[in-house]
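Commentary on secondary and tertiary structure
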Amino acid sequence: APEFSVTTLDGARLDNATLQGRVVVVDFWATWCGPCTKEMPLLDALRQELGDAPVTFLALSVDAELDPVPPFVERTGYGFDYAHIGDVGMKQRWSVRGIPSLFVLGPDGRVAHHHQGFRPDIREVLEAEIRGLLPGR
């Protein structure tokens, strides 16, 4: 995956090195994106089902401003690691052409899967992909 370093809304620093050895689901989304907000409960249900598996769900907001993001996070209560990256920079380095855009990184840090746009079966698809990347599962 392209190099990245983000500071979550909780103040934690996450980057390629700190997430090495984990499966990482990187979700490029925005508060104003209907398909993105429709997808998030499906992702959160999967996150909960996976329990303590070494999987990180990193939700990267491409909203132009930070202002709408914290109220959305508080209102929805999803258990993702959230960061606001804005609409320039990382989005372009990852060649994100539209949102939602999901990347599944393997424990080796490489992009194993990519999904562009909303799909109703994303939970099931991601579950199979993630389980296939987890060691010993």
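Quick look at the structure, then. Counting restarts for each chain, with residues numbered from 1 along the sequence as it is written. With the structure being a predicted model, the display of local features is reserved for residues of pLDDT at least 70 and the display and counting of side-chain atom pairs for 80 or more, all residues being used for whole-chain, interface and lining totals. Hydrogens and water are ignored here; the side-chain numbers use all heavy atoms of the structure.

Take the overall build of the protein next. Going along the chain from the N terminus, every DSSP run of H or I of four or more residues is numbered as a helix, and every run of E of two or more is numbered as a strand. Along its length, the protein carries 4 helices and 7 strands. Helices (α) and strands (β) of the protein occur, in sequence order from the N terminus, as β-β-β-α-β-α-β-α-β-β-α. Radius of gyration means the value over C-alpha atoms here, while the globule rule gives 2.2 Å times the residue count to the 0.38 power. Computed over the C-alpha atoms, the radius of gyration of the protein is 14 Å, within 12% of the 14 Å expected from 2.2 N^0.38 for a compact globule of 137 residues. Taken along its principal axes, the extent of the C-alpha atoms in the protein is 40 × 30 × 25 Å.

Turning to the pattern of salt bridges, a few remarks are in order. Any Lys or Arg side-chain nitrogen located within 4 Å of an Asp or Glu carboxyl oxygen qualifies as a salt bridge. Counting across every chain of the model gives 7 salt bridges. Glutamate 49 is the partner of arginine 123 in a salt bridge, and the nearest nitrogen-oxygen pair spans 2.1 Å. Residue arginine 123 is located in helix H4 (residues 122-133), and its partner glutamate 49 is located in helix H1 (residues 34-50); the two are separated by 74 residues in the primary sequence. On the basis of relative accessibility, which here comes to 40%, the residue glutamate 49 falls in the partly exposed class. Across the pair arginine 119 and aspartate 121 runs a salt bridge, and its minimum N-O distance is 2.7 Å. Judged by relative accessible area, which is 31%, arginine 119 ranks as partly exposed. Taking the relative accessible area as the measure of exposure, aspartate 121 reaches 32% and is therefore partly exposed. Here the salt bridges share partners, and the residues they tie into one network are Glu49, Arg123, Glu127 and Arg131. Buried, partly exposed and exposed residues are distinguished by accessible area as a fraction of the type maximum, computed with a 1.4 Å probe on protein chains only: under 20%, between the cut-offs, and over 50%, respectively.

Think of a disulfide as a covalent bridge from one cysteine sulfur atom to another cysteine sulfur atom. Any cysteine sulfur atom paired with another within 2.5 Å is treated as part of a disulfide. What the rule picks out here adds up to 1 disulfide. Between cysteine 33 and cysteine 36 runs a disulfide, and the two sulfur atoms are separated by 2.4 Å. Looking along the S-S bond of the cysteine 33-cysteine 36 disulfide, the torsion reads about 75°, which is the right-handed sense. Of the two residues, cysteine 33 and cysteine 36, both sit in the buried class.

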